[in-house]
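Below are the chains, spelled out letter by letter.
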Amino acid sequence: MFNNDFPYAQMNGRFAACDALERQPLAIVGVPWDGSVSHRPGARMAPQSIRAASQMLCDAFHPVFDISPTPYLGDAGNLQLPNASGLEAARAAIHQQVTPLVQHHHCVFLGGDHAITLALLRAIHQVHGPVALLHFDAHCDTWSSHFGEPSGHGTWTREAIEQGLVSPQHTVQVGLRSAAERSAREYVQDQGGLIFHARDLWGKEGIGLTDVLQIVRDRIGLRPIYLSLDIDCLDPAYAPGTGTPEPGGLSTRQVLQWIEGLSDLQWVGMDCVEVCPAYDHADLTSMAASTLVWTYLSGQAKRIQHSIDSRISQ
């Protein structure tokens, strides 16, 4: 007979089988839009694929944080977006729907292509002002135009800096390695930020990353910080299911160490973008994405629990 007490019986299609979003402090929000991709489409299908891959995490405690984020987490489902109406219409719809969510919850957004991040940062800016930005990506996303169009998934970082949504001196890019002209490739550094190219990090993990993480921690300090994680920061060996894969990337071990090692910063939100399930193999990319998101959420749950414990002890 099927045992209804068995944790897998409680799977419900939401991230890590959490409840629907109500008053939980942490929120999962799907952003199924991929109208500005420059190569392979399909990222609009990622939110449900990432959710499906997360189901095996539903009864798990994180091995570093020793906590499950599920009691603090609610899933808001997917935004309703005009996939045939162009980028600006999509960004306007994202901003309208996301604004009340970020005012009441710490949100993690499941994209979608990377053009959505500009709209998310506009909503975050209304609450927190200019934030620090940790941006994992194979691509710089600082081009001045997008294949003849003024904006796209390759321009949002430059736009976020130009629009004052993020602090350029507190913007950190990690994993860049694609072909690009110098003005785009080094744009963030030219504006006073930091770039750790993928080649800078080859062979560095474990104790080899400790000094790098300390440099970032010292740079960010107590400033509110947002995490934007393009899954193509990972080498295609770890994440084949993405629109613009670039060999020579980071390992899942390295990115996990970044997220775990910097969990004590003043995080205000995260997105995970550019997962393309149609090009995935054995769900490797969706599993990587769900684990990275779950790790981030676990770190935030630990901070919430510590705050609760501190209030109780006073």
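The structure we're discussing is the one just above.
Per chain, the residues get numbers from 1 upward, laid out in the order the sequence is written. Reporting of local features is limited, given that this is a predicted model, to residues whose pLDDT is at least 70; pairs of side-chain atoms are given and counted only at 80 or more, and all residues count toward the totals for whole chains, interfaces and linings. Side-chain descriptors were evaluated using all non-hydrogen atoms of the structure, hydrogens and water having been removed beforehand.

A. The arrangement of unusual backbone geometry in detail. The omega torsion across Gly111 and Gly112 is 15°, close enough to zero to call that bond cis. Numbered from the N terminus, helices here are DSSP runs of H or I no shorter than four residues, and strands are runs of E no shorter than two. Structurally, the position occupied by Gly112 is in the loop between β4 (106–111) and α3 (116–128). If you check the backbone angles, Asp141 has positive phi at about 55° while not being a glycine. One non-glycine residue, Ala282, lies in the positive phi region at around 55°. One can find Ala282 in the loop between β9 (267–273) and α10 (284–313).

B. Seen up close, the packing of helix α9 (residues 252–261) against α10. Running from N to C, α9 and α10 cross one another at 15°; their axes reach a closest spacing of 9 Å. On the basis of their axis angle, the class for α9 and α10 is roughly parallel. α10 is crossed by α9, and the crossing has right-handed handedness. Across the interface between the two elements, Thr252, Val255, Leu256, Ile259 and Glu260 of α9 pack against Ala288, Thr291, Leu292, Thr295 and Tyr296 of α10. Under the scheme applied, nonpolar residues are Ala, Val, Leu, Ile, Met, Phe, Trp, Tyr, Cys and Pro; charged residues are Asp, Glu, Lys and Arg; polar residues are all the others, including Gly. Taken together, the residues of the contact of α9 with α10 sort by class into 6 nonpolar, 3 polar and 1 charged. Here an angle of 0 to 180 degrees is reported between the N-to-C directions of two axes, which are lines fitted to C-alpha atoms, with helices fitted over the stretch in contact. In these notes the angle categories are as follows: under 35 degrees is roughly parallel, over 145 is roughly antiparallel, 65 to 115 is roughly perpendicular, and the rest is oblique. Each crossing gets its hand from how the near helix is turned against the far one by less than a right angle, where anticlockwise is left-handed and clockwise is right-handed. Whether two residues touch is decided by their heavy atoms; if any such pair falls within 4.5 Å, the residues are in contact.

C. Focus on the pattern of salt bridges. Salt bridges are defined by distance alone: a side-chain nitrogen of Lys or Arg within 4 Å of a carboxyl oxygen of Asp or Glu. Applying the stated criterion across every chain yields a total of 9 salt bridges. Between Arg51 and Asp75 there is a salt bridge; the shortest N-O distance is 2.8 Å. With Arg51 in helix α1 (residues 46–53) and Asp75 in strand β3 (residues 73–78), this residue pair connects regions lying 24 residues apart in the sequence. Each residue gets one of three labels from its accessible area relative to the maximum for its type: buried under 20%, exposed over 50%, partly exposed in between, using a 1.4 Å probe on protein chains only. Taking the relative accessible area as the measure of exposure, Arg51 reaches 2% and is therefore buried.

D. Fine view of the side chain of His114. You can see His114 is positioned in the loop between β4 and α3. Taking the relative accessible area as the measure of exposure, His114 reaches 0% and is therefore buried. Side chain to side chain, His114 and Asp230 meet in a polar contact 3.3 Å long. Counting of polar contacts relies on pairs of N or O atoms within 3.5 Å, with two restrictions inside protein: one atom must be capable of donating a hydrogen and the other of accepting it, and residues adjacent in sequence are counted only when both atoms are side-chain atoms.

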